[in-house]
Amino acid sequence: MAQKKSTAIAHPNIAFIKYWGNADPNLRLPSNASISMNLDGLETITTIEYADNQIKHSLTINGLLQEPQKVNRLSAFLEMARKLYGFQGFLRIESQNNFPMGAGIASSASAFAALALALNDFFQLNLNQHQISALARLGSGSACRSIPAGFTEWKKGTSHQQSFATSIALEDHWDLHDCIIVVTAEEKAISSTDGHQRAATSPFQSARILDAQRRLEICRSAILKQDFERLAAIIELDSDMMHAVMMTSDPPINYWQPTSLSIMREVRDLRKKGVACAYTLDAGPNVHVICTAASVPAIEKSFRDYPGVEKILVAKTGKGARVI
Ligand code: PMV
């Protein structure tokens, strides 16, 4: 029996060890495992209910009814979910997002995480957290990491049921922050779904995958031991490796802008001067500066009036997705 309405909240996440490339694009089974941190304060809140007398799903984001192209991705996800869990009917989906979408701040991660959780509640599917994480993955791979709390790891798995994320440590384990230096809030030209398909065309992708286990172990242990120096080195290396793959794909993708690169250099200089900070970039030009709570004021001061910077969003480690 479906309930009348269900609402869930989820945070985006920033990957420390990145997911880039799929072993199975339909199921979004990744080529390598990944690790991320949920971002508190940035959120997607999604409500679903039946779209009475409708013959298709509808999606409203921040009050705007979405174009068919956006609804197609959603419909494909709902079709897969329906086949797996057997629910019926068309849905009216309303989302509120309090941060820029499609600009490398993982809006699809929080969107599909909130939706998967709302679906579980609405249709009373009684899925456990692993199953909800796997369901979110079908919409956007990185969404599976926004279901569990705090610092999370997505083990790649070789089937739908096995590919989900779990917590490495909860949100209060380590007072890390992500200062997102927004260079542009515009939607990116090449979606990550398209980018994943190009990953295998880069001669660097196989080397990146072969070395992934080593980077994952260093990252996991740096988080558990709260070793910022080790964390900084590994997340910068991992981000650079992913962007090297992107830049050498066929056709190539350049997400960095000149301002992104000068911010990255500045972050390294600040670290040499003793500010605990490190950069990482997802599929967009905005620079995520991961830092300790004590370093946040220095980061804000350095980049507040920096040429080319639109704004800075500051997020501490966030909780997992939840029904509200
Ligand atoms: O979940 P997707 O398909 O949007 O891919 C996410 C890709 C990156 O953000 C670049 C890396 C990651 O692991 O989040």
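First, a word on scope: everything that follows refers to the structure included in this document. Owing to the predicted nature of the structure, the values given are computational and were not obtained by experimental measurement.

## Here we look at the packing of helix α6 (residues 212–225) against helix α7 (residues 228–247)
Okay, so step 1: Running from N to C, α6 and α7 cross one another at 145°; their axes reach a closest spacing of 9 Å. Note that α6 runs across α7; the crossing there is left-handed. Counted together, Arg214, Arg215, Ile218, Cys219, Ser221, Ala222 and Ile223 of α6 and Arg230, Leu231, Ile234, Leu237, Asp238 and Met241 of α7 form the full contact between these two elements.
Okay, so step 2: Residues of the contact of α6 with α7, tallied by class, amount to eight nonpolar, one polar and four charged.

## A word on helix α3 (residues 129–139)
Okay, so step 1: Burial analysis of α3 places eight of its eleven residues in the buried class, the great majority of the element.
Okay, so step 2: For α3, the set of buried residues is Ile132, Ser133, Ala134, Leu135, Ala136, Arg137, Leu138 and Gly139.
Okay, so step 3: Lining the buried residues of α3 we find β4 (29–30), α1 (68–85), α2 (107–122), β10 (151–154) and β11 (165–169).

## Some remarks on the side chain of Ser140
Okay, so step 1: Inspection of the secondary structure puts Ser140 in the loop between α3 and β10.
Okay, so step 2: By relative accessible area, Ser140 is classed as buried at 5%.
Okay, so step 3: In terms of polar contacts, Ser140 uses its side chain to reach the side chain of Ser108, at 3.0 Å.
Okay, so step 4: Setting aside chain neighbours within four positions, we find Ser140 in contact with Arg28, Arg73, Ser108, Ala109 and Phe112.

## Thoughts on the packing of helix α8 (residues 258–272) against helix α9 (residues 296–303)
Okay, so step 1: Between α8 and α9, whose axes approach to 12 Å, the crossing angle comes to 140°. It follows from the interaxial angle that α8 and α9 lie oblique. Seen along the crossing, α8 lies across α9 with a hand that is right-handed. Taking contact as the criterion, the partners of Ile263, Glu266, Val267 and Leu270 in α8 are, on α9, Ile299, Ser302 and Phe303.

## Digging into unusual backbone geometry
Okay, so step 1: A cis amide bond links Asp250 with the next residue in sequence, Pro251, at an omega value of -5°.
Okay, so step 2: As for its position among the elements, Pro251 is in the loop between α7 and α8.
Okay, so step 3: Even without being glycine, Gln124 reaches a positive phi, approximately 50°.
Okay, so step 4: Structurally, Gln124 can be placed in the loop between α2 and α3.
Okay, so step 5: Notably, Asn126 is not glycine yet its phi reads approximately 55°, a positive angle.

## Quick notes on the side chain of Ser146
Okay, so step 1: Residue position: Ser146 is located in the loop between α3 and β10.
Okay, so step 2: Polar contacts involving the side chain of Ser146 include one to the main-chain carbonyl oxygen of His11, which spans 2.7 Å.
Okay, so step 3: Not counting chain neighbours up to four residues away, the residues in contact with Ser146 comprise His11, Pro12, Asn13, Asn38, Ala109, Ser110, Ala113, Gly320 and Ala321.

Each value, and the rule that gives it
Residues numbered from 1 in each chain as written. Predicted model: local features only at pLDDT ≥ 70, side-chain atom pairs only at ≥ 80, totals over all residues. Heavy atoms only, no water. Axes fitted to C-alpha atoms, helices over the stretch in contact; angles between N-to-C directions. Helix = DSSP H or I, 4+ residues; strand = E, 2+ residues; numbered from the N terminus. Left-handed = near helix turned anticlockwise from the far one by under 90°. Contact = heavy atoms within 4.5 Å. Nonpolar A, V, L, I, M, F, W, Y, C, P; charged D, E, K, R; others polar. Buried < 20%, exposed > 50% of the residue type's maximum accessible area, 1.4 Å probe, protein only. Polar contact = N/O pair within 3.5 Å; in protein donor to acceptor, adjacent residues only side chain to side chain. Parallel < 35°, antiparallel > 145°, perpendicular 65-115°, else oblique.

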